Structure formats: C-alpha cells, structure tokens
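# Coordinates in review
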Amino acid sequence: GDHCAWSGVTCNENYSVTQLALNNLDITGPYPNTLDKLTSLTTLSTIGNNLSPGLVSDNDICTDTAIAADETNCPNAVDETGCCDAIRMTSPSPYIDAIVERELSSADCSTFPEGSRDSGTCTFMRNKSNHYVFDDDQYPDSFPYESWLKERVVLAEMNFGTTLSSNSWINTGDHCAWSGVTCNENYSVTQLALNNLDITGPYPNTLDKLTSLTTLSTIGNNLSPGLVSDNDICTDTAIAADETNCPNAVDETGCCDAIRMTSPSPYIDAIVERELSSADCSTFPEGSRDSGTCTFMRNKSNHYVFDDDQYPDS
C-alpha cells in the first residue's frame, strides 16, 4: 500500500513524507544515513530504539528537520544545541558516564570497594533514573546540566561517605530541594546547613568543588577532622563547624568563622593539661583541689562563653 499510510509516516498533499515517528519500536541496526533525501521531512523522531550512531552535524537533515533521537544517535550532547532538538538519554548514558569518570576517576563502579563512598556515588550517579531532569526527552536549553551533575556528585559523596545516607537525605529529585541545601537561580549550591543530624564519618573533602558555596554549617555532628587551612573552601565560604573539624581554635581567626565547642573539648583540655599537668581527672586524688578543678574546668557547660557557637574574636 501507500507508504504514506505506513505506521509512523505522515505525508503532505503532494505525497511527500513530512514526518517520521518511529519511537519505542526496539529497532536495531545502523542509523539510516539517507533520510536527508526526504526533502520535505520536517519532523523525525526515533527515540527509544537501539540504532547505532549515524547522525552527523553537517548532514542537511540537521538544519532542515526537527529531530528527536536517542543520545547515542546525536552528535550534540544534551547541553548543546545542534543536530538533535530533543535528546532522550540512554542507560547507560555516555554523557553522564563521562562526568562520573572525570569526577571519580572511573565510571566502572566495580573498581571501587563495595560499600565505599565512591562505589555508592558511582552507582547512584550512573543511573539516569536518579536524576529527575532526565525523566523526559531533553531539549538542549539553558539548563546547566554538566555543572548540576558535577555538584550532585559532590553531594552524593557526602551522602555515601557519611551516615547521612541513613537519613534518607538523597533522592531522585532536584538536590536544590534536599534538606539543608540552598541554590541560586543557576542551580548552583550556595548554602549547606546540615546541623545536629548526628552524622558520623569523615569530613567531606570535596566540598570545595561547590564553587558557589558561600555558607557551610555542619555543627552538632560527629564528623572526623577534615578541614585544612589551605583548602579553597576556607577562604571562599563562611564555615560553622564543630571544634574537632576546624584547623583554627576558638580564639584564632582561620578556616572556621563559627566554632561549636565539643564535649570533651580539645581546646579546654589543652589548657587544663598545661595548668594542672593532666586533663585526665582520674589521675588526681578524689576530693582533692586538682580533681575538683579538673572536673569543673573540663565541663564546657560550666563556662557561659561557650553556651553558643563561638565566633573567633578578640
């Protein structure tokens, strides 16, 4: 019969093919390289198939036709204007995998120890269904896909590297809406407020990759030391953290702008040890002057100046 009546084919009154809609048919084989001969073709859609690469940027079809295709068939990426006007990300996605490889050194998740931070981050990031922006066919536009995904890697590292993962912090939605995360109009993370969540694990050492981060607060957790004075985050971000995470003491200006004293407090204990020869109160005879002084001094709640988070000052 007339090919104008074939499934997915639309013709004009002159019997010229104007539209081809061949979606989700599980078609395999080479991408047709002669479709530019359909000179009246205005719309072409081949998403949801398994065609090998075939579209090239200098093909006439790229300029004359609105094309929707799978990521692996398009010469332009999801964040680039070009031959394809609509791109369906594939799974696995070469675009996502390239970002994961740059950020984690590999997109082969099996190379990371099972249960590790990088293993969890890699597995989460490579699954495109974990990123709401790829729920539908994407139209290359002004959305900052690459920078958004790179910052998502950093947050995923924090999640899988600490016990944040047990708080159901991470999800498939926009990380700008995750608890404690604030972004600007460009979808860049500007603030992280993760206070009093009883988080344990290493202090995240990649937060300096959040290049728009202006405020970071992680007070009231049990993170191991991690901030160092020469990290860019120390100069570009207002940081509030627990004493054990800060390279500067409460009476020193430095990386942390606000310091919450911990209990026990290394700062107080160092003073007690200097003044009494030991901060281990059990070394002093029970009921003695030094025992009483040691016990009183080591309890930070006995010193009103440490009632709140401390700002190093004069």
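The structure under discussion appears in the preceding block.
Residues numbered from 1 in each chain as written. Predicted model: local features only at pLDDT ≥ 70, side-chain atom pairs only at ≥ 80, totals over all residues. Heavy atoms only, no water.

## Here we look at the sheet that holds strand 9 (residues 189-193)
If you trace the 5 strands from one edge of the open sheet to the other, you get 8-9-11-13-14, paired in mixed fashion. The two strands at the open ends of the sheet, each matched to only one other strand, are strand 8 (181-183) and strand 14 (258-260). Across the sheet, the mean angle from the axis of one strand to that of its neighbour is 15°, orientation sign disregarded. (Pairing = 2+ DSSP bridges. Helix = DSSP H or I, 4+ residues; strand = E, 2+ residues; numbered from the N terminus. Axes fitted to C-alpha atoms, helices over the stretch in contact; angles between N-to-C directions.)

## Points about the state of the cysteines
Within this structure, the stated rule accounts for 8 disulfides. In this model Cys-234 forms its disulfide with Cys-255; the gap between the sulfur atoms is 1.9 Å. Between Cys-234 and Cys-255, the disulfide has an S-S torsion of -75° and is therefore left-handed. With Cys-234 in helix 5 (residues 232-236) and Cys-255 in the loop between strand 13 (238-242) and strand 14, this residue pair connects regions lying 21 residues apart in the sequence. Across the pair, exposure class does not vary: Cys-234 and Cys-255 are buried alike. Note that Cys-281 is cross-linked by a disulfide to Cys-294, the S-S spacing being 2.0 Å. Between Cys-281 and Cys-294 the sulfur-sulfur dihedral comes to about -80°; the bridge is accordingly left-handed. (Disulfide = S-S within 2.5 Å. Buried < 20%, exposed > 50% of the residue type's maximum accessible area, 1.4 Å probe, protein only.)

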